[in-house]
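Chain and residue survey
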Amino acid sequence: MPSADLGGRQATAAPASPYAIELKGISKAFGSVQANKDINIAIPRGTIHGIIGENGAGKSTLMSILYGFYRADSGQILVNGAPVTIPDSQSAIRAGIGMVFQHFKLVQNFTVLENVILGAEDGPMLNSSLAKARKILGDLSREYELDVDPDALIEDLSVGHQQRVEILKALYRQAEILILDEPTGVLTPDEADHLFRILRGLRDQGKTIVLITHKLREIMETTDNVSVMRRGTMVATVKTAETSPESLAELMVGRKVLLEVVKNPAKVGDIILSVKDLAVNDEHGVTRLKGVSFDIRAGEILGIAGVAGNGQSELLEALGGIAAASGVVVLNGAELPLTGPRANGKARRDAGIAHVPEDRQSLGLIMDFTAWENVGFGYHDDPRYQKNAWLMDNDALRADTAAKMATYDVRPPIPALPAKSFSGGNQQKIVVAREMDRNPDLLLIGQPTRGVDIGAIEFIHKQIIALRDSGKAVLLVSVELDEIMSLSDRVLVMFDGQIMGERLPAQTNERELGMMMAGMGAK
Amino acid sequence: MTKLPTWADVGLVPLISLTLAALVSAGVLLAIGQSPMQALTVMVNGALGSSYAWGYTLYYATSFIFTGLAVTVAFHAGLFNIGGEGQAQLGGLGVALVCLALPWPHWTIALVAAMFGAALFGAAWAAIPAYLQAKRGSHIVITTIMFNYIAAALLIYLLVNVLRPDGQMDPASANFPSGAHLPQFQEIPILQGLFQRFGADGLPRLNAEGLPMYQQVPANVTFFIAILACVLVWVMLWHTRLGYAIRAFGKSEKAAVYAGISPLRIIMIAMLISGALAGLMAINNVMGQAERLVQNSASGAGFIGIAVALMGRNHPLGIFLAAVLFGFLFQGGAALGLETDIPIELRTVVQGLVILFTGALDQMVRMLLGMFFAKKGAT
């Protein structure tokens, strides 16, 4: 039974328009970049509306305009049929718009209750606000499966629960329209399913949900309608039931894309890398990687599945020579030093390990350096880039960069452009080009397609498979289960710094892997 | 923010900043009842109006080039070396010890040896803060500032108790032997003609032996070494593996570790080079001009190097130009004090304004220009 409170508010709003939000002719430019061009969209009340598009298509700009972070250069916003101006987020909240950001905005050492009332207190004394909030929170939790302990500290909650607090914050502020920006990036499949159940429940109570995501599967499963953005324009709005992932992908990219990864069965050879009891402590002395052991053979892709922050990053950093570790790592029969001055990135490269790091912007690239300087990054001692004992041969490096840019389809193919001027996908291609072109025996690759547009994902996946087919070993870490399932020959699931078990992609499913990612399920 | 065209970024921005500094300086002069035009004329004449004036301007500029390069090399490694002053004083100690050690047969040999001493002592003084930063995480800004004070105290102790010859009153070392005398501009054959003295009758003045007489200027062969240092620093930073590693480390320590660049190694090497460059300044002032080691020999050039590096956008060519500008301000300011009743403190005010506008406020100019260019690009 819906509570009287919510039903009553619904009635008093008595909107004449069937649309919760209408945007008419919204345009926004940053300098010479047109981020939004004449956007028109009408979102019917009581629906879940998906907005998809590649990185830089203008989704975030549009939502920032709706939430009052930016002001549109031109155009009109209508909420429930009435024109509104939204100069700041307070106005957005007053208009009934709530936003759940990709990166939560919660005070870590406050309780759930304190976070919920923060900024929405009734007066200087907190007790009455807290009591009122406790009651409302209880009602909301029961109604929408939004169970969280109101007295728990945020820092003690899982990511999925923290997200629920964000949703509760919006509902407590009486949001009728809820915008979620890439909400599942940090969730396990199970948590994501739970989130979607909550969202459907909210919709059935008459709320309007706007879901921004780049995951086609979520769009197909959850939304009623979907709008596609490409290069600042709204290219289409369709009923989800009447479309397919393939046609959505085509609308996003502007050409046909291959969503399925095509690969031949693995031709597995000798053991390339053998890892035994590998453990890593972080700078605070906390053990992040708790003794993992596995082998990778030539010609296979070993996928590491897991929710971000369960030791995968430390695994890559230990193998890549960035973090000191304990245990035994043997590459091509030779043991690698895991501590001391010989345990560094350069020594690992010399040994035949290439590393595409998870975070290309802070690890893999120097954003202020040009593309050609970045192509030499980590390989600046390579004899090919030296003129003589003293001087580097920058011309050779530039020529090599131009060649790599052609092979790996980096756009624009201008070696002198700084890395920060390239799109996320093209930045990733620069890193991939640099690391894969060495023909390494072992490729470490973390989140190969995070923030990368669909066209480039296809290309990078093909490169990874080509390396594997040429008889090299690949260690793939990704939080995208789809990616792990389609690329890997074997899958290890990590949870809390340990390996929960090994599965073959053909003999498992997302549900089982999801359980293991959440720390359940036997070996 | 819109990216400016390169010409505007490196040319227009400093020019506008300087104009603003000049305008505010003019306002200060007006406020104390002086004529800005007269002051400008005196400064330009006094610093640039004659070969004699240039002989002083370039002398100061030489010192500032070394200290500016010192700041720049550290800066490219992401380190803010405020210790140029102390490193230059220690460089002076190295020069003095070398010059006083032997009756040098020829200045060229003395110069090479003294350069070695200056660089070694300057580098050693930078090595301790560098090690503390790399190993212990002690912030290099704090430690290098403290090391300036320690250097000053150490130098006073050594000058008073060790280096001062018996019977001498002032805290200074003995005069260097004549074999360690560096040729000043009026002693360099090609430049000599510029500094010839003429009598009121327009005829060359001759000394007792009938030889032409020359004006004495402090600028000396060190100026050419400074230019060479600019070129070498440029080659090092942009054309060697070491320079690549220094710049990469300076942009992102995390990424540098990923690439296998050792933070300890880069911090140490960059600071050793930086300290050596600051130390080399002593060749100019201690060996080339004073020819003995005095108290407070660096006389603030180490700090001016920070402004020079900021204004020169951490590029050797920019540093050369900025050093000449500060040489002009120094010498022009001295001329103001000599030839007008404008107080000498005004020199410090003008320098301060130049530093304020070119260093601290140049982002403001850049932002305004960026908005201007964005508007131009949009229409």
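Conventions we followed
- The numbering scheme is per chain: residues are counted from 1 as the chain's sequence reads.
- Just so you know, chain letters begin at A and ligand numbers begin at 1, following the order they were written in.
- Side-chain atom pairs in this predicted model are given and counted only at pLDDT of 80 or more, local residue features only at pLDDT of at least 70, and totals for whole chains, interfaces and linings cover all residues.
- The pairing criterion for strands is at least two bridges between them, as found by DSSP.
- Secondary structure elements follow DSSP: runs of H or I no shorter than four residues count as helices, runs of E no shorter than two count as strands, and numbering proceeds from the N terminus.
- Here, a nonpolar core means buried Ala, Val, Leu, Ile, Met, Phe, Trp, Tyr and Cys residues linked by C-beta atoms lying within 7 Å of one another.
- Counting other C-beta atoms within 10 Å of a residue's C-beta gives its exposure: the residue is buried at 20 or more, exposed at 12 or fewer, and partly exposed in between, where C-beta atoms are placed from the backbone.
- By definition, residue pairs are in contact when their C-beta atoms, positioned from the backbone, come within 7 Å.
- Under the convention used throughout, the expected extent of a helix is 1.5 Å for every residue step, that is, one less than its residue count.
- In this description, one arc is meant: the one made by directions from the helix axis to the C-beta atoms.
- In this entry, domain limits derive from an automatic or database-based domain assignment.
- Lines fitted to C-alpha atoms define the axes here, with helix axes fitted over just the stretch in contact, and angles between the N-to-C directions of these axes take values from 0 to 180 degrees.

1. Focus on the pairing of strand β14 (residues 326-331) of chain A
All names here are of chain A.
- Bridge count for strand β11 (residues 271-281) against β14 is five bridges, and the pairing is antiparallel. In the strand pairing of β14, Leu273 is matched with Leu331.
- Judged from the two bridges that link them, β14 and strand β15 (residues 334-335) form a sheet pairing that is antiparallel. Bridge pairing links Val330 to Glu335 in β15.
- If you look at the hairpin formed by β14 and β15, you'll find two residues sitting between the two strands, and Asn332 has a positive phi there, around 50°.

2. Regarding the environment of A:Lys169
- Along the chain, A:Lys169 falls in helix α6 (residues 159-172).
- A C-alpha to C-alpha distance of 30 Å links A:Lys169 and A:Met516, two positions 347 residues apart in sequence.

3. Structural notes on the nonpolar core
- Formed by 265 residues in total, the largest nonpolar core has its most connected members in A:Val493, B:Ile65, B:Leu280 and B:Phe326.
- Counting residues per element, this core draws most heavily on helix α11 (residues 263-290) of chain B, which supplies 16 residues.
- Ignoring anything within four residues of it in the chain, the contact list for A:Val493 reads A:Ala305, A:Gly306, A:Ile499, A:Met500, A:Gly501, A:Leu513, A:Met516 and A:Met517.

4. Let's talk about helix α5 (residues 126-144) of chain A
Residues and elements named next belong to chain A.
- The terminal C-alpha atoms of α5, which comprises 19 residues, lie 26 Å apart, in line with the 27 Å expected from a rise of 1.5 Å per residue.
- What α5 keeps buried is the set Ala133, Leu137, Leu140 and Tyr144. The buried residues of α5 all sit within an arc of 65° when viewed along its axis, so they share a single face. Residues Asn127, Ser128, Ala131, Lys135, Gly138 and Arg142 are exposed on α5 and point more than 90 degrees away from its buried face.
- For α5, the elements touching its buried residues are α4 (112-117), α6 and α7 (189-204).
- Glu145, located one to two residues past α5, shows a positive phi value of around 60°.

5. Description of the domain arrangement of chain A
Residues and elements named next belong to chain A.
- Taken domain by domain, chain A consists of domain 1 (4-111 + 174-253) and domain 2 (271-367 + 440-517).
- Distance between the C-alpha centres of domain 1 and domain 2: 35 Å.
- The partner domain 2 presents 11 residues to the 10 residues of domain 1 that form the contact.
- Residue assignment for the side of domain 1 that touches domain 2 shows that the elements contributing at least two residues are α7 and α9 (245-253).
- In terms of residue count, α9 provides more of the side of domain 1 that touches domain 2 than any other element does, three residues in total.

6. As for the sheet that holds β15(A)
Residues and elements named next belong to chain A.
- Taken in spatial order, the four strands of this open sheet run β12-β11-β14-β15, and their pairing is antiparallel. Single-partner strands in this sheet number two, and they are β12 (287-297) and β15.
- When β11 meets β12, the two strands line up antiparallel, connected through eight bridges. Following the sheet pairing, Val280 is matched in β12 by Leu289.
- Packed onto the sheet, helix α10 (residues 312-319) meets β11, β12 and β14 and runs at close to 65° relative to β12.

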